[in-house]
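Structural description and commentary
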Amino acid sequence: MQRAMLLTAAALIGLGAGSAQSEPDHHLFVVGGYSTSGDLNVVPDGVDNELDARIDRNLRSVLVADVDSDAKTVTNWRRAGLLPLEHPVTSEQVAWGYLYNGVSYLNGRIYVGPARTDAGGVPANFVAWAEVNTDGSLGEFETSPTIPGAEAGIQGQGAVAIVEVDDTHYVYVLGGRAGDAGGQTDRIIYAPIDSDTGAVGAWEVASITIPSTDWFNSAIGIDGTLIHVSGNQRGSMSADLIVPQADGDLVGSWISEEYSTDLTNRWETAVTTATDPAGDTYVYLICGSPAPRNRVDYTKFEFGLTAVWESSTFPVERGRPTASGANDMIVVPGGSETSGFTAGVNTVFIGTVANGGAVTWAESAEPMMQERSFHGSIMVAVEDETTSVGDWMLH
């Protein structure tokens, strides 16, 4: 495994930290994505070409903000670290776009990828992970083996989820881009995650595929269950559910249902969970394409989907969205106002979940420090993070 290059700690501390805030109970990470300009001679507001490792419109930095889930605030934006700058095999410059569903958290580490690019750099056809420290900074990223197979050896623009199976966690990549020549795949690959080191192991091909060839699809893991949400190719607005086998493999048939018939396809949908005050978990599908959407679909999770989906309205239309939930709070940072590559925004919307799963939205008074789209995000409880002391990591 190859370790990524990072800025020195001194550079991050000197140039990233904002003013002191009250003690947060969560950190919100915004990962990779695109800036609003593809012209390197025009530096977008808040972007530093070196600190953000910008090539073309790609941003390879990770931002972090402090979250108070009781007060429903997101404040003190700063840089947390850098994603891998070089491909672990070819040493080419790596780009980190299309991460709307490509960021996860497990046991004190964030996991990122695979990723795609429509600008400079090569796709990240692997998963990278880094330790999370209690101040919101990140350790040095490490990388998994590259995704196998020449024909479907990328699978960017696909769905990604981590699921626990009999005390072992597996990362799944479902569908996505079929290869450099384009096209889509229905293939599912998975790999175990070492519980001590966090390392992603060797990739395997699952015994079944997703229900149809697809990309811009989404997924999430909940209580040992893998939920897949259709994307650009399915021909329906569908959700699928399956319980992985003890060895991580997927066998048998998906349990599938249409969550709406309003559109033929819906894609690049942000998927997250949150818990209402009564303690019930809800799955949320937020915004997305075709064209920026302002719809939110949600359902209660009871070891499966219920076929009872509710629909509500997001305050604005957002494409290229990403969303993260914690407790009864959902955060939607950035996104795009159009379907274009350079229409990112820095707005942050905060949702408060009521009993029954309905969400009340408000715009944060403090926007992100940069406009971003094609990015990913994850919210992490501070109590679950690590504290670095010398060469030791205390969990």
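All chains use their own residue numbering, which begins from 1 and follows the written sequence. For this predicted model, a pLDDT threshold of at least 70 governs which residues receive local features, and a threshold of 80 or more governs which side-chain atom pairs are given and counted, while totals over whole chains, interfaces and linings are taken from all residues. By convention in this description, side-chain values take in all heavy atoms of the structure and omit both hydrogens and water.

**Observations regarding empty space enclosed by the protein**
Put simply, the grid is 1 Å and covers the protein atoms alone, a cavity is a trapped set of points that fit a 1.4 Å probe, a pocket is an open set with protein on both sides within 12 Å along at least five of seven lines, and lining residues have an atom within 4 Å of a point. Grid points are joined across faces, edges and corners, and a volume is the space filled by probe spheres set on the points. Taken as a whole and judged by the stated rule, the model has two cavities of 30 Å³ or more. What lines the largest cavity is Tyr-98, Asn-101, Gly-102, Pro-114, Gln-155, Gly-156, Gln-157, Gly-158 and Val-160. For the lining of the largest cavity, the class distribution of residues is three nonpolar, six polar and no charged. Estimated volume of the second largest cavity: approximately 30 Å³. Looking at the second largest cavity, the residues that line it are Ser-104, Tyr-111, Val-112, Gly-113, Val-127, Val-160, Ile-162 and Val-171. Residues belonging to the lining of the second largest cavity are distributed by class as follows: six nonpolar, two polar and no charged. Throughout, the ten residues Ala, Val, Leu, Ile, Met, Phe, Trp, Tyr, Cys and Pro are labelled nonpolar, Asp, Glu, Lys and Arg are labelled charged, and all others, Gly among them, are labelled polar.

**Thoughts on the nonpolar core**
To qualify as a nonpolar core, a set must consist of buried Ala, Val, Leu, Ile, Met, Phe, Trp, Tyr and Cys residues joined through side-chain atoms within 4.5 Å. Burial classes: relative accessible area under 20% of the type maximum marks a residue as buried, over 50% as exposed, and values in between as partly exposed (1.4 Å probe, protein chains only). Core analysis: the biggest nonpolar cluster contains 23 residues, and Phe-29, Val-31, Val-62, Trp-96, Val-112, Leu-138 and Phe-141 have the highest contact counts within it. Going along the chain from the N terminus, every DSSP run of H or I of four or more residues is numbered as a helix, and every run of E of two or more is numbered as a strand. Mapped by element, the contributors of at least two residues to this core are strand E1 (26–31), strand E2 (61–68), strand E5 (109–112), strand E6 (128–131) and strand E24 (376–381). Contacts were defined at the residue level, with two residues in contact if any of their heavy atoms lie within 4.5 Å. With sequence-adjacent residues up to four places away left out, Val-31 is seen in contact with Ser-61, Val-62, Leu-83, Leu-99, Val-103, Val-112, Arg-372, His-375 and Gly-376. Of all hydrophobic cores here, the second largest spans 17 residues; its members include Tyr-190, Ala-206, Ile-210 and Ala-219.

**Remarks on the packing of aromatic side chains**
Within 6.5 Å between ring centres, the rings of Phe, Tyr and Trp (the latter by its six-membered ring) count as paired, and their orientation is classed by plane angle as stacked under 30 degrees, edge-to-face over 60, tilted in between. All told, the structure shown has 15 aromatic pairs when counted by the stated rule. Between Tyr-98 and Phe-374, the aromatic rings sit 4.9 Å apart at their centres with planes inclined by 85°, giving edge-to-face as the arrangement. With a gap of 276 residues between them, Tyr-98 in the loop between strand E3 (73–82) and strand E4 (103–106) and Phe-374 in the loop between strand E23 (359–363) and E24 connect regions that are remote in the sequence. The same class applies to Tyr-98 as to Phe-374, namely buried. Ring centres of Tyr-259 and Trp-309 lie 5.3 Å apart, and the angle between their planes is 45°; on these two criteria the pair is classed as tilted. Here Tyr-259, found in strand E15 (residues 255–260), pairs with Trp-309, found in the loop between strand E18 (293–300) and strand E19 (310–318); they are 50 residues apart in sequence, far enough to count as distant. Across this residue pair, the class does not change: Tyr-259 and Trp-309 are buried. Cation placement over rings: the criterion is NZ of Lys or CZ of Arg within 6 Å of the ring centroid and within 35° of the ring normal. One cation-aromatic arrangement involves Arg-57 over Tyr-34; the distance from NZ or CZ to the ring centre is 5.2 Å.

**Digging into unusual backbone geometry**
At the junction of Gly-113 and Pro-114, the peptide bond is cis and its omega measures out at 0° in the coordinates. When you line up the elements, Pro-114 lands in the loop between E5 and E6. Cis peptide bonds are those with omega within 30 degrees of zero, and the linkage from Ser-289 to Pro-290 qualifies with 15°. The topology assignment puts Pro-290 in the loop between strand E17 (281–286) and E18. Unlike most non-glycine residues, Gln-155 shows phi in positive territory, near 60°. Note that Gln-155 resides in the loop between strand E7 (142–143) and strand E8 (159–165). Overall, Gln-155 belongs to the buried group, its relative accessible area being 1%. Even without being glycine, Asp-223 reaches a positive phi, approximately 50°.

**What about the layout of surface pockets?**
Considering only enclosed or pocket space, the largest pocket measures out at about 1,000 Å³ in volume. Along its surface, the largest pocket is lined by 38 residues, and Tyr-105, Ile-220, Gly-221, Thr-273 and Ile-378 are the ones closest to its centre. Mapped onto the lining of the largest pocket, the elements with two or more residues apiece are E4, E8, strand E12 (218–222), strand E16 (270–275), strand E20 (324–326) and E24. Split by residue class, the lining of the largest pocket holds 19 nonpolar, 16 polar and three charged.

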